[in-house]
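Each chain is listed here by its residues.
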Amino acid sequence: MSEVYKKLEKVVSKEFLSNDIYVRHAYSRNVDLVLQGVPDIIIRPIDAKEISEILKIANEENIAVIPRGAGICEFGGSKPIGDGGIVLDMKRMNNIINLDEDNLITTVEAGISWGKLNEYLCRFGLYTGCMGPGSGMSASVGGGISHHSVGGGGCAKYGACTNQLISLEVVLPTGEIIETGSQANKYSKLPFNRFGNGPDLAGLFCGDNGIFGVKTKISLQVFPKPEFAEYKTFLMPRKSAVTAAQIMNEIRQKGIDVYDAMFIPDVVVAIGSDQGFFPLWEHLKRRRGMFFYTIEANSEVELNENVKKLDDMILNKKSENLGPEISDGNIAK
Ligand SMILES: Cc1cc2nc3c(=O)[nH]c(=O)nc-3n(C[C@H](O)[C@H](O)[C@H](O)COP(=O)(O)OP(=O)(O)OC[C@H]3O[C@@H](n4cnc5c(N)ncnc54)[C@H](O)[C@@H]3O)c2cc1C
């Protein structure tokens, strides 16, 4: 492996390359903590060119390369399976490259977190719509696209984070750098469209867990954040899974454009509150299923109208509103 290390030293400077035993062990774990194997080398590239060189070397030497965003994958994706390999830490590539305010498209480096990106966008009254996964304050945009992430807020309205994808720059395992969508056309100055250039090449890399290539640049649609919003949380009757499913269906059938809606079943609320996962609900005497929603609107009238429809629907099912404040247990807020 030292031969490979020497070759990699020519690609990145020493401070961004390591085969130190402590570093290798640190990168052998994700958030899930299961030890699957210890990598031989950790490398922290700065751009697609460096990644291309790294992949060419790994390809020549037949060594596994594991891209890693924030390492918050719970399923072992961003660490080696078995000993060996190179972990490619994407966290140095965390810049916003462009915000096209006319076309509402942003282009970022793949290692940026959803949290950092949205903190930037909110200065312009914008957001990514789907805020990535629940772990989005630190999870990377590249990790989200590689996982088809969904659940960090906004998915009822905007879909999974890959729905907003416009184009990708990807380094293939051979080291070739390609672009997808409108950017596959060399005459296109700015990304504007994912579809229309033949098959949806970007789709091939969505949910691929990094196996088909390393995403380096990502363009996403962004949206104006509506000015008005309401957040409510309801304690449901006992064994309310079917009731919650009925509410979800009714929301869709009535065409109410909720930003987010979620149900947490009785057993999860009960155990989670005992174990300290839901400190907001520790004070509750009755620990049953919880239903919560967020709805946005462009005017107060529109908001009130939709909130009334939702509340009638949910309260009709023998549920109880926990109250407006976070301290009341209003997790949606
Ligand atoms: C508290 C918590 C809440 C979570 N909530 C959700 C949720 O609501 N919804 C959800 O879907 N998931 C959720 N997750 C799982 C996980 O955090 C997400 O899937 C997240 O998108 C992973 O992003 P990451 O940057 O940490 O990726 P990593 O864990 O680093 O990588 C994930 C996969 O993508 C690959 N990869 C990463 N970056 C790149 C890249 N640039 N190019 C190519 N491949 C790459 C890796 O090799 C790996 O296979 C949650 C996890 C935790 C711990």
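This section reports on the structure supplied with the text.

Thresholds, definitions, all that
Residues numbered from 1 in each chain as written. Predicted model: local features only at pLDDT ≥ 70, side-chain atom pairs only at ≥ 80, totals over all residues. Heavy atoms only, no water. Axes fitted to C-alpha atoms, helices over the stretch in contact; angles between N-to-C directions. Helix = DSSP H or I, 4+ residues; strand = E, 2+ residues; numbered from the N terminus. Parallel < 35°, antiparallel > 145°, perpendicular 65-115°, else oblique. Left-handed = near helix turned anticlockwise from the far one by under 90°. Contact = heavy atoms within 4.5 Å. Nonpolar A, V, L, I, M, F, W, Y, C, P; charged D, E, K, R; others polar. Pairing = 2+ DSSP bridges. Core = buried A, V, L, I, M, F, W, Y, C linked by side-chain atoms within 4.5 Å. Buried < 20%, exposed > 50% of the residue type's maximum accessible area, 1.4 Å probe, protein only. Domains from an automatic or database assignment. Phe/Tyr/Trp six-rings, centres within 6.5 Å; stacked < 30°, edge-to-face > 60°. Lys NZ or Arg CZ within 6 Å of the ring centre and 35° of its normal.

Re the packing of helix H8 (residues 241-253) against helix H10 (residues 300-315)
If you want to describe how two helices pack, look at the angle between their axes and the distance between the axes.
Here is step 1 of the chain: In the contact formed by H8 and H10, the axes pass within 10 Å of each other and the chain directions differ by 150 degrees. Taken as axis vectors, H8 and H10 run roughly antiparallel relative to one another. H10 is crossed by H8, and the crossing has right-handed handedness. For the pair formed by H8 and H10, the contact residues are Ile247, Glu250 and Ile251 on the first element and Leu310, Met313 and Ile314 on the second.
Here is step 2 of the chain: In terms of residue class, the contact of H8 with H10 is built from five nonpolar, no polar and one charged.

Quick word on the pairing of strand S5 (residues 96-100)
Here is step 1 of the chain: Note that S5 and strand S6 (residues 105-109) share four bridges and pair antiparallel. Looking at the pairing, Asn98 lines up with Thr107 of S6.
Here is step 2 of the chain: Counting the residues in the hairpin turn of S5 and S6 gives four residues, including Leu104, whose phi is positive at 55 degrees.

A closer look at the nonpolar core
Here is step 1 of the chain: With 50 residues, the main nonpolar core has Leu8, Val141, Ile145 and Ile218 as its most contacted residues.
Here is step 2 of the chain: Ranked by the residues each element gives to this core, the list is headed by helix H3 (residues 48-61), at six residues.
Here is step 3 of the chain: Both domain 1 (2-89) and domain 2 (96-224) contribute no fewer than three residues apiece to this core.
Here is step 4 of the chain: Discounting chain neighbours no more than four positions away, the residues touching Ile218 are Thr106, Thr107, Val108, Ala110, Val141, Gly142, Ile145, Leu165, Ser167 and Leu168.
Here is step 5 of the chain: Phe234, Ile251, Val258 and Ala297 belong to the second largest nonpolar core, which has 18 residues in total.

Some details on the sheet that holds strand S9 (residues 177-179)
Here is step 1 of the chain: With respect to topology, five strands assemble into an open sheet ordered S5-S6-S10-S8-S9, the strand pairing being antiparallel. Taken across any chain shown, the strands that pair with only one partner, and hence form the sheet edges, are S5 and S9. Within the sheet, the average angular offset between the axes of one strand and its neighbour, ignoring direction, is 10 degrees.
Here is step 2 of the chain: Along the sheet face, H3 touches strand S8 (165-171), S9 and strand S10 (214-221) and points at about 45 degrees away from the line of S8.
Here is step 3 of the chain: Seen against the sheet, helix H4 (residues 114-121) touches S5, S6 and S10 and runs at an angle of roughly 40 degrees to S5.

A short note on the packing of aromatic side chains
Here is step 1 of the chain: Evaluation of the coordinates by the stated rule reveals seven aromatic pairs.
Here is step 2 of the chain: Here Tyr120 and Phe124 contribute two aromatic rings whose centre-to-centre distance is 5.2 Å and whose plane-to-plane angle is 55 degrees, an arrangement assigned as tilted.
Here is step 3 of the chain: Ring geometry for Tyr158 versus Phe223: centroids 4.5 Å apart, planes at 45 degrees, classification tilted. Placement of Tyr158 in helix H6 (residues 155-158) and of Phe223 in strand S11 (residues 223-224) is noted, with a sequence separation of 65 residues between them. Here Tyr158 and Phe223 have matching classes, each one buried.
Here is step 4 of the chain: By the ring-pair criterion, three or more aromatic residues cluster together here, those being Tyr127, Tyr158, Phe223 and Tyr259.
Here is step 5 of the chain: For the cation-ring pair, Arg92 lies above Phe16, with the distance from its terminal atom to the ring centre recorded as 3.3 Å.

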